[in-house]
Each structure stands twice: as C-alpha cells, then as structure tokens.
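# Architecture at a glance
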Amino acid sequence: MDDVEFDPDLIHAVFKHVWKRRSLEREKNEVTETVDGETAGGTSKKSRPTSANANALKLSCELLRLFVTEAVQRAATIAEAEGAGKIEATHLERILPQLLLDF
C-alpha cells in the first residue's frame with residue numbers, strides 16, 4: 001500500500017481551485033466595503049497568480065497520503081473493535097477530532 005500516491009497535478013488543481021475561490025470572495029468583500037462607503041485608498045492588492053513549486057506539491061501529496069492512511073488505520077481499529085466488517089462514516093467521525101489534533 002506504500003506505492004499509492006496522490007497525483008501532484010490533481011493536488012495542484014485542488015489548490016488552484018481553492019485559491020481562485022478565495023480570490024473571488026476577497027474581491028467580493030472589497031466591492032462590498034467600497035459600496036458601504038469605506039474607501040480602500042491604497043489598500044487593495046493587485047491580482048497576481050498564486051503558484052506552488054514542485055517540492056511544495058510533493059510535500060503536500062505526502063502529507064495528504066499520511067493523513068488519509070492514518071485516518072483509515074484508526075477507523076479500521078474502531079470498526080474491528082465493534083466487530084464491523086467494514087469502515088463506516090461513524091467510525092471516521094469518531095476518530096476525526098483526535099486525528100486533527102495529532103496533525
């Protein structure tokens with residue numbers, strides 16, 4: 001199972017989608033502030049493309065792989081303790097708070 005990896009291009013596409021959405025939300029908020037009577041004199045940021053270098057993408061893929069692997073292992077332990085044959089959403093819900101604190 002160590003051979004399974006996340007595709008860096010997929011992770012980069014997800015990052016770009018999130019960056020684009022945040023940029024649009026930021027622009028929307030700036031327009032709302034300007035309409036509300038506040039002037040944004042000199043405080044606006046120029047729109048510039050956000051990118052990630054190859055090493056950052058590799059590291060992000062590895063971190064995501066470790067996170068998912070750990071989540072599955074912890075959920076499987078809970079499922080096994082309950083005598084379940086497969087992992088259910090409730091098993092993931094039970095391990096998620098501690099998993100997030102651990103990462």
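In the block above lies the structure referred to throughout.
### Overview of the packing of aromatic side chains
The description of two aromatic rings rests on the distance between their centres and on the angle between their planes. Within this structure, the stated rule accounts for 2 aromatic pairs. Their ring planes at 80 degrees and their centres at 5.0 Å tell us that Phe67 and Phe103 sit as a pair that is edge-to-face. Here Phe67 is found in helix H2 (residues 54-82), whereas its partner Phe103 is found in the segment after helix H3 (89-102), with 36 residues between them in sequence. Overall, the relative accessible area of 22% leaves Phe67 in the partly exposed class.

### Regarding H3
Across its 14 residues, H3 extends 20 Å between first and last C-alpha, which sits within 8% of the 20 Å expected from 1.5 Å per residue. Remark: the principal bend of H3, roughly 45 degrees, maps to Leu96, with a proline, Pro97, within the next four residues. All of the buried residues along H3 are His91, Ile95 and Leu99. Elements in contact with the buried residues of H3: H2.

### Brief notes about the pattern of salt bridges
Under the definition given, this model contains 4 salt bridges. Residues Glu70 and Arg74 are paired through a salt bridge, measuring 2.8 Å at the closest nitrogen-oxygen approach. In this pair, Glu70 and Arg74 both sit in helix H2, 4 residues apart, roughly one turn of the helix. The exposure class of Glu70 is partly exposed, given its relative accessible area of 26%. Judged by its relative accessible area of 22%, Arg74 is partly exposed. One salt-bridge network, in which partners are shared between bridges, spans Glu70, Arg74 and Asp102.

### Considering H2
With 29 residues, H2 should cover 42 Å at 1.5 Å per step; its first-to-last C-alpha distance of 42 Å lies within 8% of that length. Capping of H2 at its N-terminal end is provided by Asn53; its side-chain oxygen lies 3.1 Å from the backbone amide nitrogen of Asn55. Backbone geometry just after H2 places Gly83 at a positive phi near 80 degrees.

### Things to note about a nonpolar patch on the surface
Residues Leu64, Val68, Val72, Ile87 and Leu92 make up a contiguous nonpolar surface patch of about 340 Å² in total accessible area. Secondary-structure assignment places Leu92 in helix H3. For Leu92, a relative accessible area of 39% translates into the label partly exposed.

### Points about the packing of H2 against H3
Following both chains from N to C, one finds H2 and H3 inclined at 135 degrees, their axes separated by 9 Å at the closest point. The angle between H2 and H3 falls in the class oblique. At the point where H2 passes H3, the crossing takes the right-handed sense. Contact with H2, carried on its side by Phe67, Glu70, Ala71, Arg74, Ala75, Ile78, Ala79 and Glu82, involves His91, Leu92, Arg94, Ile95, Gln98, Leu99, Leu100 and Asp102 of H3 and no other residues of that element. Considering only residue class, the contact of H2 with H3 consists of 9 nonpolar, 2 polar and 5 charged.

Thresholds applied
- Counting of residues starts from 1 at the beginning of each chain's written sequence and follows it residue by residue.
- Thresholds applied to this predicted model are a pLDDT of at least 70 for local features of residues and 80 or more for the giving and counting of side-chain atom pairs; totals over whole chains, interfaces and linings are not thresholded and use all residues.
- Only hydrogens and water are set aside; all other atoms, that is, all heavy atoms of the structure, feed into the side-chain values.
- Two rings belonging to Phe, Tyr or Trp (six-membered ring only in the last case) form a pair when the distance between their centres is within 6.5 Å. Interplanar angles under 30 degrees mark stacking, angles over 60 mark edge-to-face geometry, and anything in between is tilted.
- Segments assigned H or I by DSSP are reported as helices when at least four residues long, segments assigned E as strands when at least two residues long, and all are numbered from the N terminus.
- To sort residues, take the accessible area from a 1.4 Å probe on protein chains only and compare it with the maximum for the residue type: under 20% means buried, over 50% means exposed, and anything in between is partly exposed.
- One less than the number of residues in a helix, times 1.5 Å, gives the span that helix is expected to have.
- In this scheme, the bend at a residue equals the angle between the axes fitted to the seven residues that finish there and the seven that begin there.
- Contacts were defined at the residue level, with two residues in contact if any of their heavy atoms lie within 4.5 Å.
- The term salt bridge refers to a pairing of a side-chain nitrogen on Lys or Arg with a carboxyl oxygen on Asp or Glu at a separation within 4 Å.
- Think of a polar contact as two N or O atoms within 3.5 Å of one another; within protein, one of them needs to be a possible hydrogen donor and the other a possible acceptor, and neighboring residues in sequence only count if both atoms come from side chains.
- Residues qualify for a patch when their relative accessible area is over 30% and they have no salt bridge, like charges being joined within 9 Å and the nonpolar side chains of Val, Leu, Ile, Met, Phe, Trp and Tyr within 5 Å.
- For accessible areas, the Shrake-Rupley method is used with a probe of radius 1.4 Å. Any residue's cover is judged against the shown protein chains and nothing else.
- To obtain each axis, a line is fitted to C-alpha atoms, and for helices this fit is confined to the stretch in contact; angles are then taken between N-to-C directions over 0 to 180 degrees.
- Working rule for angles: under 35 degrees goes down as roughly parallel, over 145 as roughly antiparallel, 65 to 115 as roughly perpendicular, anything else as oblique.
- Here a crossing is called left-handed whenever its near helix is offset anticlockwise from the far helix by less than a right angle, and right-handed whenever the offset is clockwise.
- Basically, the charged four are Asp, Glu, Lys and Arg, the nonpolar ten are Ala, Val, Leu, Ile, Met, Phe, Trp, Tyr, Cys and Pro, and anything else, Gly included, counts as polar.

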